[in-house]
Amino acid sequence: MRGMADSTQTLTESGKDPVSAPPQAVKKPHSFTHHGITVADDYAWLRDPGYPEVTDKEVLAHLEAENRWFEARMAPHQDRIDALFKEMRARIKEADKSVPQKDGDWLYWIEFEEGAEYKKWWRKPVAGGPDELILDEVALAEGKDYFRLGAISVSANGKLLAYAADDNGSERFTARFKNLETGEMLPDEIPGTLSSLVWVAGDKGVVYSLANEQWRTDNARLHWLGEPLEKDVELYHEDDDGFRVGSSLSSNEKWLIIGASDHETSEARLIRADDPMGDQILVKKRQKGVEYDVDERDGVLYIHANDTHENFRLATAPLSNPGEWTTLIEGSDDFYLTGVDLFRDFYVSEGRRAGLDQIEVRYYDDPARVEPIEFPEASYSAGLANNPEWHMDKLRLSYESMVMPASVLDYDVAARTLETLKVQEIPSGYDASLYTTERLEITARDGTAIPVSIVYRKDRTGAGPLYLYGYGAYGISIDPGFSTARLSLVDRGFAYAIAHIRGGDDMGRAWYKAGKLEKRTNTFNDFVDCAKGLIDRGFTSEGQIAIAGGSAGGELMGAVINTDPHLWGAVVAHVPFVDVLSTMLDETLPLTPGEWPEWGNPIEDQAAFEHILSYSPYDQIKAQAYPPLMVTAGLNDPRVTYWEPAKWVAKLRELKTDSNELIFKTNMGAGHGGKSGRFESLKETAEEFAFILWQLGVEG
């Protein structure tokens, strides 16, 4: 039988403490009732009542027991994990650096040193002079189990650095400041930030946002350098629990832009960057369902908005009358306008046509002049990269495909030519001619054509193992990009496919709307139908499909193993959002109020309650055979709280009727993104792939 235990008793990785059976959480009767509907939740106790502090001894003991079982079951496969990690690491150029980019009087770049988990940030004068190390992540991360750099920002005069770091995965960052002329750290520290750090007022102040107790940024605050935090000024406060606040500078750096938004509505204010405590200009009052962002040039506002078409338009308005919008680029069913970037002499529109990235240079003085940037492949991922200056004559671009490694390009705007500056180097070797990629269309059960991007070796013959990835939420597209780690499966005979399912915005805004709220189950059906379509086309067979997804993609995993468990040969669910109903009923949780536009509000809406209940993976577990499953969680994860996967696994252990593997690991010192560091995180990928190869019976 697929994934059966290979012994009744195994050892932990250390070779000690025999582990004879997986832990089974005790059931403690608990239920809740809304709209006259009662739902049992016998594993609710796994939520520590003191969260975000997790100190409950029974909870911790259960998580640690699950970790021991995970280690015991994976221990016999450690040699394969090590081999996978070794080959994945060999594809990474360990001593590597980015292409320098000019910003003012300096050239900036980042470097990885041989063997380093983290990078170093460098610069040197454009006029000539020595290299300067401005931030050393290696030193900052030393002795820490987890480290993540958040915001980083150099002042306009190039003399000061602001940065924020998180050392436990909680995504509450402490902002610090450094004098780049002397190398000294300033005494200013701002704990609890969750935002960019924006220099204003001639580099005398920084605008930031604090995470409140519910991990929401409901504020924009101004810190005067050298002053105590008690003197920080709240420039804006958001009263709607569902909205979050963020700040940025206009492209010409004249305006501080404070934005507030949830998943479907936004609002923006402008303040002169040289006078951040001055008058605020509200661009347009929020209107439910209308999203917009704004930039400014020569007294004219450029507004990217979805008020007249769901695929967005570009409008202009005089600064003196910011709510009077005149269309510059019409919204279109065929072209999804995802963003606009202003420069001194031209502007750039980005979007997707038929699901593929488009970049177009446009001109202020001639709206009819549109210069698309052409790319060589039929399926690819491309976009603007780091373009920090107001006056640019060459645009820095990023480009990759499922067979083409990540590339850095410069586009000469006047000459309309592309120059390749760097192609990702794969030290162990890579021959693109051995691989082929296709963009397929598979018809879903309601007749909708779902794009699928797939890559495999040209010498692959017949139906074989398939890795199918999906996400399908929040209007986030999954682009057909390159992955060196992926080669460890493809070179072992796998086809690797990405299902561009509804719920993402891969095919436009309507695509996103067709996978949210009352249409949420389209996402799950699309994924299942893509798998069946790939079987029908001869790529794979039932039970030879490995699937994986994280967060909302983990919800997808939970839904499809409930509905179609027989299809999957191995399932990996990273930090899965699987207890959807309970989470959406709890407005004290960090994300919940802001998530109601995505999933529905089951507190107020009985139809939303019933619909979420009908697909929530945790609530729909039943007595049936389930495929082999690997699950991960982060104890400090503020996005998908650790108890969601813990409860899900506990209930699966209780009800599943098979003997297939079910292993669950909680990173006790990490959050939503798992372990930090480029190699530590790669070890987790090696672990995932080893599990898949084990369960699908693939040798090598």
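Just so we're clear, the structure is a prediction, and the values are computed from it rather than from any experiment.

It is not clear to me how the pattern of salt bridges should be interpreted in this structure. Could you clarify?
It is possible for side chains of opposite charge to pair when their charged atoms get near one another. Across all of its chains, the model carries 50 salt bridges by this definition. The closest approach of N and O atoms between Glu425 and Lys93, which form a salt bridge, is 3.2 Å. One end of the pair, Glu425, is in the loop between β31 (417-423) and β32 (435-443); the other, Lys93, is in the loop between α2 (78-90) and β3 (96-97), with 332 residues separating them in the sequence. By relative accessible area, which is 42% here, Glu425 ends up partly exposed. The class of Lys93 is partly exposed, set by a relative accessible area of 29%.

Mind showing me how you'd approach the packing of aromatic side chains here?
Geometry of an aromatic ring pair is reported as the spacing of the ring centres plus the angle between the planes. Summed over the entire model, instances satisfying the criterion amount to 24 aromatic pairs. Here Tyr292 and Trp325 contribute two aromatic rings whose centre-to-centre distance is 5.3 Å and whose plane-to-plane angle is 70°, an arrangement assigned as edge-to-face. One end of the pair, Tyr292, is in strand β20 (residues 292-297); the other, Trp325, is in the loop between β22 (313-318) and β23 (326-329), and 33 residues separate them in sequence. For the pair Tyr292 and Trp325, one class covers both residues: buried. On the basis of an interplanar angle of 40° and a centroid distance of 5.3 Å, the ring pair of Tyr347 and Tyr364 is categorised as tilted. Of this pair, Tyr347 sits in strand β25 (residues 347-353) while Tyr364 sits in the loop between β26 (356-363) and β27 (366-372), and the two are 17 residues apart along the sequence. For Tyr347, a relative accessible area of 1% puts it in the buried group. Seen from the ring of Tyr435, Arg457 lies directly overhead, with NZ or CZ sitting 5.6 Å from the centre. One residue, Lys683, lies across the ring of Phe85, its end atom 5.6 Å from the ring centre.

How should I be thinking about the side chain of Glu360 in this particular structure?
Tracing the sequence through the fold places Glu360 in strand β26. A polar atom in the side chain of Glu360 sits 2.9 Å from the side chain of Arg362. Among all residues touching Glu360, those that are not within four sequence positions of it are Phe335, Tyr347, Val348, Ser349, Arg353, Val370, Glu371 and Pro372.

Would you mind showing me how to read empty space enclosed by the protein here?
Rolled over the atoms, a probe sized like a water molecule indicates the empty space that remains. All told, the structure shown has 4 cavities of 30 Å³ or more when counted by the stated rule. One number sums up the size of the largest cavity: a volume of about 60 Å³. Taken together, Arg352, Gly355, Leu356, Asp357, Tyr380, Arg439, Ser477, Ile478, Asp479, Pro480, His500 and Asp506 form the lining of the largest cavity. Taken together, the residues of the lining of the largest cavity break down into 4 nonpolar, 3 polar and 5 charged.

I tried to follow the sheet that holds strand β37 (residues 568-574) on my own but got confused; where do I start?
Spatially, β32-β33-β35-β34-β36-β37-β38-β39 is the arrangement adopted by the 8 strands of the open sheet, whose pairing is mixed. On the outer flanks of this sheet lie β32 and β39 (662-667), each paired with one strand and no other. Shown here is a sheet whose adjacent strand axes are inclined to one another by a mean of 15°, direction ignored. Both strand β34 (residues 466-469) and strand β35 (residues 495-499) contribute to a ladder of 4 bridges, which runs parallel. Each bridged residue has a counterpart across the sheet, and for Tyr469 the counterpart in β35 is Ile498. Running at roughly 120° to β32, helix α6 (residues 521-536) makes contact with β32, β33 (449-457), β34, β35, β36 (545-550) and β37 of the sheet. Against the sheet, helix α7 (residues 552-563) touches β36, β37 and β38 (629-634), its axis set at about 140° to β36.

Before we go on, may I ask you to explain the packing of α2 against helix α12 (residues 678-696) in this structure?
How two helices pack is summed up by the angle between their axes together with the distance between the axes. Packing of α2 against α12 leaves a shortest axis separation of 8 Å and a crossing angle of 130°. The orientation of α2 with respect to α12, classified from their angle, is oblique. Note on packing geometry: the crossing formed by α2 with α12 is right-handed. Of the residues in α12, those touching α2 at Arg80, Ile81, Leu84, Phe85, Met88 and Arg89 are Phe679, Leu682, Lys683, Thr685, Ala686, Glu687, Phe689, Ala690, Leu693 and Trp694.

Please clarify how the pairing of β26 should be interpreted in this entry.
Successive side chains on a regular strand alternate, one facing one side of the sheet and the next facing the other. Burial within β26 is extensive, with 8 of its 8 residues counted as buried. Where β25 and β26 come together, 7 bridges link them in antiparallel fashion. Its bridge partner lying in β26, Gly351 is registered against Gln358. Counting the residues between successive antiparallel strands, the hairpin from β25 to β26 contains 2 residues, one of them, Ala354, with a positive phi of roughly 55°. The pairing of β26 with β27 spans 4 bridges and is classified as antiparallel.

How should the environment of Ser261 be read in this particular structure?
Assignment of secondary structure puts Ser261 in strand β17 (residues 255-261). What makes Ser261 partly exposed here is its relative accessible area of 30%. Spatially, the C-alpha atom of Ser261 lies 32 Å from that of Ala406, the residues being 145 residues apart in sequence. Once residues within four sequence positions are removed from consideration, Ser261 is found in contact with Gly242, Phe243, Arg244 and Ser266.

Explain the pairing of strand β29 (residues 394-400) here, please?
In terms of strand pairing, strand β28 (residues 381-384) meets β29 through 4 bridges, oriented antiparallel. Looking at β29, one finds that Ala382 is bridged to Tyr399. In terms of strand pairing, β29 meets strand β30 (residues 407-412) through 6 bridges, oriented antiparallel. Each residue of the ladder has a partner; that of Tyr399, found in β30, is Ser407. Once β29 ends, the chain turns through 6 residues before running back antiparallel as β30.

Looking at this model, I keep getting lost on the sheet that holds β30. Mind explaining?
Strand pairs in the sheet, formed through backbone hydrogen bonds, run parallel or antiparallel to each other. Read across the open sheet, the 4 strands follow the order β28-β29-β30-β31; overall the sheet is antiparallel. Since the sheet does not close on itself, it has two edges, and those belong to β28 and β31, each with one partner. On average, each strand axis in the sheet is tilted by 25° relative to the strand beside it, whichever way the strands run.

Sorry, what's going on with the nonpolar core here?
Nonpolar side chains tend to gather and get buried jointly when the protein is soluble and globular. Within the largest apolar cluster, 118 residues are counted, with the highest numbers of intra-cluster contacts made by Leu468, Phe527, Leu534, Trp568 and Trp648. Counting residues per element, this core draws most heavily on α12, at 10 residues. Apart from the residues lying within four places of it in its own chain, the contact partners of Phe527 are Leu468, Tyr469, Gly470, Ala499, Ile501, Ile547, Leu556, Met557, Val560 and Trp568. Counting residues in hydrophobic clusters, the runner-up holds 18 residues, among them Val348, Val361, Leu384 and Met392.

Would you mind going over helix α10 (residues 606-615) with me for this structure?
What sets the pattern is the α-helix's 3.6 residues per turn: residues three or four places apart point alike. Burial in α10 covers these residues: Ala608, Phe609, His611, Ile612, Leu613 and Tyr615. Those residues of α10 that are buried lie in contact with β1 (31-34), β2 (37-40), α6, α7, α8 (580-584) and α9 (592-599). N-capping of α10 is provided by Asp605, with a side-chain oxygen placed 2.9 Å from the backbone N of Ala607.

Is there a simple way to think about the environment of Asp136 in this case?
Here Asp136 lies in strand β7 (residues 132-136). Linking Asp136 and Lys119, residues 17 residues apart in sequence, is a C-alpha distance of 6.9 Å. In this view, Asp136 contacts Lys119 and Lys120; residues no more than four positions away in its chain are not counted.

Sorry, what's going on with the confidence of the model for the chain here?
Low pLDDT marks stretches whose predicted atomic positions should not be read closely. Per-residue confidence for the chain gives a mean pLDDT of 94, with 96% of residues at or over 70. Between residues 1-16, whose pLDDT stays under 50, and residues either more than four places distant or in other chains, the model counts 45 contacts.

How each quantity is defined
- Residues numbered from 1 in each chain as written.
- Predicted model: local features only at pLDDT ≥ 70, side-chain atom pairs only at ≥ 80, totals over all residues.
- Heavy atoms only, no water.
- Salt bridge = Lys/Arg side-chain N within 4 Å of Asp/Glu carboxyl O.
- Helix = DSSP H or I, 4+ residues; strand = E, 2+ residues; numbered from the N terminus.
- Buried < 20%, exposed > 50% of the residue type's maximum accessible area, 1.4 Å probe, protein only.
- Phe/Tyr/Trp six-rings, centres within 6.5 Å; stacked < 30°, edge-to-face > 60°.
- Lys NZ or Arg CZ within 6 Å of the ring centre and 35° of its normal.
- Polar contact = N/O pair within 3.5 Å; in protein donor to acceptor, adjacent residues only side chain to side chain.
- Contact = heavy atoms within 4.5 Å.
- 1 Å grid on protein atoms, 1.4 Å probe; cavity = no way out; pocket = protein on both sides within 12 Å on 5 of 7 lines; lining within 4 Å.
- Points joined across faces, edges and corners; volume = space filled by probe spheres on them.
- Nonpolar A, V, L, I, M, F, W, Y, C, P; charged D, E, K, R; others polar.
- Pairing = 2+ DSSP bridges.
- Axes fitted to C-alpha atoms, helices over the stretch in contact; angles between N-to-C directions.
- Parallel < 35°, antiparallel > 145°, perpendicular 65-115°, else oblique.
- Left-handed = near helix turned anticlockwise from the far one by under 90°.
- Core = buried A, V, L, I, M, F, W, Y, C linked by side-chain atoms within 4.5 Å.
- pLDDT = per-residue confidence, 0-100.

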